[in-house]
Amino acid sequence: AKRGIEIPQVSPEFETNVPGIFIAGELGGMGLIRNAVRQGTQAIGTISKRPKGRRDFDVVIVGVGPAGISSSLAAQHANLRYLAIEQEDSLGGTTYHYPRNKLVMTAPMKLPIIGEIKLREVSKERLMEIWQEALNKTKLKINFGERMEEIQQEEGGFVLKTNKASYRTSNILLAIGRRGTPRKLGAKG
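Rules behind the numbers
Residues numbered from 1 in each chain as written. Predicted model: local features only at pLDDT ≥ 70, side-chain atom pairs only at ≥ 80, totals over all residues. Heavy atoms only, no water. Phe/Tyr/Trp six-rings, centres within 6.5 Å; stacked < 30°, edge-to-face > 60°. Helix = DSSP H or I, 4+ residues; strand = E, 2+ residues; numbered from the N terminus. Core = buried A, V, L, I, M, F, W, Y, C linked by side-chain atoms within 4.5 Å. Buried < 20%, exposed > 50% of the residue type's maximum accessible area, 1.4 Å probe, protein only. Contact = heavy atoms within 4.5 Å.

### Observations concerning the packing of aromatic side chains
Line of reasoning, step 1. Per the stated rule, a full pass over the model turns up one aromatic pair.
Line of reasoning, step 2. When the ring of Phe-57 is compared with that of Tyr-167, the centres are 5.9 Å apart and the planes differ by 75°; the resulting orientation is edge-to-face. Of this pair, Phe-57 sits in strand E2 (residues 57-62) while Tyr-167 is found in strand E11 (residues 166-174), placing the two residues 110 residues apart along the sequence.

As structure tokens, then:
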């Protein structure tokens, strides 16, 4: 179906045409918070069923909006070796940049470890509090202020390079939304 924008092709498990790279959330064309939470959880469910590799991490999660938060919680719950990176100084993804007191429409969602969150309408601030409470309760492994710069495929996995380090991982989950850091052409005009 056409959605007016080009979106990546993914399998029903949210895996791209590059085995081991998954997409969840707005980048995949589903901008709803509840859908992002569900997709992140389901992608980690698929990754957790795969044999453990010899990499430092089973999965590196890029982006800590709704999809990244839920996938980090799911990875922790599944006892995966994981790391989440976020280029901003806070979690929340696109919602972090919403105007103050913006009303966010969502639907009840289930976060791994945390459980059911029954919301329909919530302010941006309250939603951010919910995410922060989940982080405080679970002590998720998130590196803030770290931006992904490159992914290199190698036998049995990937090397994900950031502005601060390189990580060897068996899988990557891109939960970056569509906001991200655009690459500029460097052309005048």
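### Some details on the nonpolar core
Line of reasoning, step 1. Counting residues in each nonpolar core, the largest one holds 35 residues, and the members touching the most others are Ile-44, Val-59, Ile-61 and Trp-131.
Line of reasoning, step 2. Counting residues per element, the ones that place at least two in this core are helix H1 (33-48), E2, helix H2 (66-77), strand E3 (82-86), strand E5 (109-111) and helix H3 (124-138).
Line of reasoning, step 3. Here this core gets six residues from one element, more than from any other, and that element is H1.
Line of reasoning, step 4. Setting aside anything within four residues of it in sequence, one finds Ile-61 in contact with Ile-44, Gly-68, Ser-71, Ser-72, Ala-75, Tyr-82, Leu-83, Ala-84, Ile-85 and Leu-173.
Line of reasoning, step 5. By size, the runner-up hydrophobic cluster in this structure holds twelve residues, among which are Val-60, Phe-158, Ile-172 and Leu-174.

### Considering unusual backbone geometry
With the exception of glycine, most residues fall at negative phi, and the peptide bonds are largely trans.
Line of reasoning, step 1. Positive phi is not limited to glycine here, since Asn-79 has a value of about 60°.
Line of reasoning, step 2. Within the secondary structure, Asn-79 is located in the loop between H2 and E3.
Line of reasoning, step 3. Look at Lys-139: it is not a glycine, yet its phi comes out positive at around 55°.
Line of reasoning, step 4. Here Lys-139 shows up in the loop between H3 and strand E8 (142-144).
Line of reasoning, step 5. Lys-139 gets classed as exposed once you look at its relative accessible area, which sits at 62%.

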